[in-house]
Structures are given as structure tokens and as C-alpha cells.
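Read off the chains here:
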Amino acid sequence: MKFFIDTASVAEIKEAAAMGVLDGVTTNPSLAAKETAPYKDILKEICRIVPGPVSAEVISTDTDAMLREADDLVKIADNIVVKIPTTLAGLRAIKSLTDRGIKTNATLVFSPTQALLVAKAGATYVSPFIGRLDDISQDGMQLIADVVLIYENYGFSTEVLVASVRHPIHVVEAAKIGADVVTMPLKVIEQLIKHPLTDIGLEKFISDYKKANKQ
Ligand code: E4P
């Protein structure tokens, strides 16, 4: 399972990269809006830090404008993946970019039918947003299970990138289903390593060592 960080913060990306388990980055316009530097400058810096795939999102809503934006984004670095919203216009853009060998990430996916279509169009990644489904009382993880099954049934090469992840249980459930990638905020990556019994056990080992060595 690949781990991506879901942020446009260079500081957070550096922190996650230092853990040695970071495979890529996903950004979006809302994440970029939290930063002060221009989006393209941030993307350039992120691509310098992380050699893996870095998703950069278009904001246009018609196919031709999406393709023009994609052409600009891929000039930033070789590891840019163009993030395209999963609409009819987006589907056409994904197909066109795939035909030209440009990697894409189909974003804002909320149904198995959307996932099936973007796989047929050749998307490199599909991003089902599970947290946002959970927020409206729909089972986000069931969508991941459905998409993984559908892709396995037909041998689609599109990777299932679990997005809108809110807590470690999302990561565990996605791993049990066999999703290819999980993108998560730094906070969730950090939560994955934490266990209170590890902290309590370590404290006891240290105090017992001191006792044993009369320190
Ligand atoms: C993924 O690519 C998206 O940027 C992200 O996971 C959206 O998450 P949110 O629902 O927490 O905004």
C-alpha cells in the first residue's frame, strides 16, 4: 500500500518525507488556498522534495480549458499527475490526456459508476472521497470495496487512491480491502504509529533499567 500526504504545506510534506514512508502527494485548490505562495510555486517545491507522484488539480470545467491547464501543470515537473474532476467534461479530458501519455487522477469520485468510467478512460488513479460520504451518512468504505472488486473483475490498471481520509481506521479498513494508495493529512500519518501501551511500556523499561543499574 502506498502512502500519499494530502496537503499543499511544504513544511508538512518535509516532515512526512523525513519519516521515510512517503510515496507521493495530493493537493487540491482548497489545500492550496491555505498557503501563501502561488500554487505553481508550491507544486515546484513539492516536486523537488518528493520524487513520487504529485497530484495538481485543474479548476476549469470544460474539456478544452482543462487540457490547456494540464499542459501548463505538466511543465512544472516530470512527476506531476493532473487531477481532473469526475464530470463528463473531465472524462473527456482524462481520455485525451491518457492517449498522450499524461498521468491523471480522477477526483471527487462518489460512486462505483464514476469509478468504472474513469478506469475505462484510462485514469492513472481514481480518488473516491470516503470521509465526505461518511459525513452524509453513506458508507465511504463500501465504495472502496466496490471499486476494488470492479477493477479486479476486469483487470483495470487504474489505482484506487483512497481520499478524504479522516482517521487511522480508514487506513486499516482500506488496507484490508486491498486499496492501492491512501492519501491522508499529516495528523493521520502521525496517528498511525501511536499506541498508549507502547508509551507506557517504554516508560517502564526506562525506569526499570535505571533501577537495575542503580542510576
Ligand atoms: C484528495 O485528493 C483530496 O484532496 C482530499 O482527500 C479531500 O479530503 P477532504 O474531504 O478532507 O477535503
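That block above? That's the structure.
Residues numbered from 1 in each chain as written. Predicted model: local features only at pLDDT ≥ 70, side-chain atom pairs only at ≥ 80, totals over all residues. Heavy atoms only, no water.

Right, let's talk about the site of the ligand for a bit. Around the ligand, the structure places Asp6, Thr26, Asn28, Lys83, Phe129, Arg132, Ala163, Ser164 and Arg166. Measuring from an oxygen atom of the ligand, one finds a side-chain N or O atom of Lys83 at 2.6 Å. Here an oxygen atom of the ligand sits 2.7 Å away from a polar atom, N or O, in the side chain of Arg132. Isolated, the ligand exposes 340 Å² of accessible area, and the fraction of that covered by the protein chains is 85%. For the shell around the ligand, the class distribution of residues is two nonpolar, three polar and four charged. (Near = heavy atom within 4 Å. Polar contact = N/O pair within 3.5 Å; in protein donor to acceptor, adjacent residues only side chain to side chain. Areas by Shrake-Rupley, 256 points an atom, 1.4 Å probe, with all protein chains shown as cover. Nonpolar A, V, L, I, M, F, W, Y, C, P; charged D, E, K, R; others polar.)

Spatial ordering of the closed barrel is given by 1-2-3-4-5-6-7-8, a layout of eight strands whose pairing is parallel. Across the sheet, the mean angle from the axis of one strand to that of its neighbour is 30°, orientation sign disregarded. Alignment of strand 1 (residues 2-6) against strand 2 (residues 24-26), held across three bridges, turns out to be parallel. Note on strand 2: the bridge partner recorded for Ile5 is Val25. (Pairing = 2+ DSSP bridges. Helix = DSSP H or I, 4+ residues; strand = E, 2+ residues; numbered from the N terminus. Axes fitted to C-alpha atoms, helices over the stretch in contact; angles between N-to-C directions.)

What follows covers the nonpolar core. Within the largest apolar cluster, 59 residues are counted, with the highest numbers of intra-cluster contacts made by Ile80, Val82 and Tyr151. Broken down by element, the residue count for this core peaks at seven residues, all from helix 8 (residues 140-154). In this view, Tyr151 contacts Ala115, Leu116, Val118, Ala119, Val126, Phe156, Thr158 and Val160; residues no more than four positions away in its chain are not counted. One finds Phe4, Val81, Tyr125 and Val181 within the second-largest nonpolar core, a separate group that totals five residues. (Core = buried A, V, L, I, M, F, W, Y, C linked by side-chain atoms within 4.5 Å. Buried < 20%, exposed > 50% of the residue type's maximum accessible area, 1.4 Å probe, protein only. Contact = heavy atoms within 4.5 Å.)

Another point: the pairing of strand 6 (residues 125-128). Of the two faces of strand 6, the one lined by Tyr125 and Ser127 and the one lined by Val126 and Pro128 are each fully buried. For strand 5 (residues 104-109) and strand 6, the ladder comprises three bridges, and the chain directions are parallel. Across the sheet, residue Ala106 finds its bridge partner in strand 6, namely Val126. Regarding the hand of the β-α-β motif, the stretch spanning strand 5, helix 6 (residues 112-120) and strand 6 is right-handed. As paired elements, strand 6 and strand 7 (residues 159-162) share two bridges and run parallel to each other. The residue of strand 7 that forms the bridge with Tyr125 is Glu159. (Right-handed = clockwise from strand over helix to strand, strands pointing away.)

For the rest of this paragraph, the subject is the environment of Ser111. If you trace the backbone, Ser111 turns up in the loop between strand 5 and helix 6. Through-space distance from the C-alpha of Ser111 to that of Ser60 is 22 Å; in sequence the pair is 51 residues apart. A polar side-chain atom of Ser111 sits 2.9 Å from a polar atom in the side chain of Thr113.

The element strand 1 is extensively covered by neighbouring structure, given that four of its five residues are classed as buried. Bridge count between strand 1 and strand 8 (residues 181-184): four bridges; the pairing is parallel. Bridge pairing links Ile5 to Met184 in strand 8.

Here the focus is helix 4 (residues 63-74). Taking 1.5 Å of rise per residue, 12 residues should cover 16 Å, and helix 4 covers 16 Å from first to last C-alpha, within 8% of that figure. When helix 4 is considered as a whole, its buried residues turn out to be Thr63, Ala65, Met66, Leu67, Ala70 and Leu73. Close packing links the buried residues of helix 4 with helix 3 (39-49), strand 3 (54-57), strand 4 (80-85) and helix 5 (88-99). (Expected span 1.5 Å × (residues − 1).)

Purely spatial values, then, with no claim about function.
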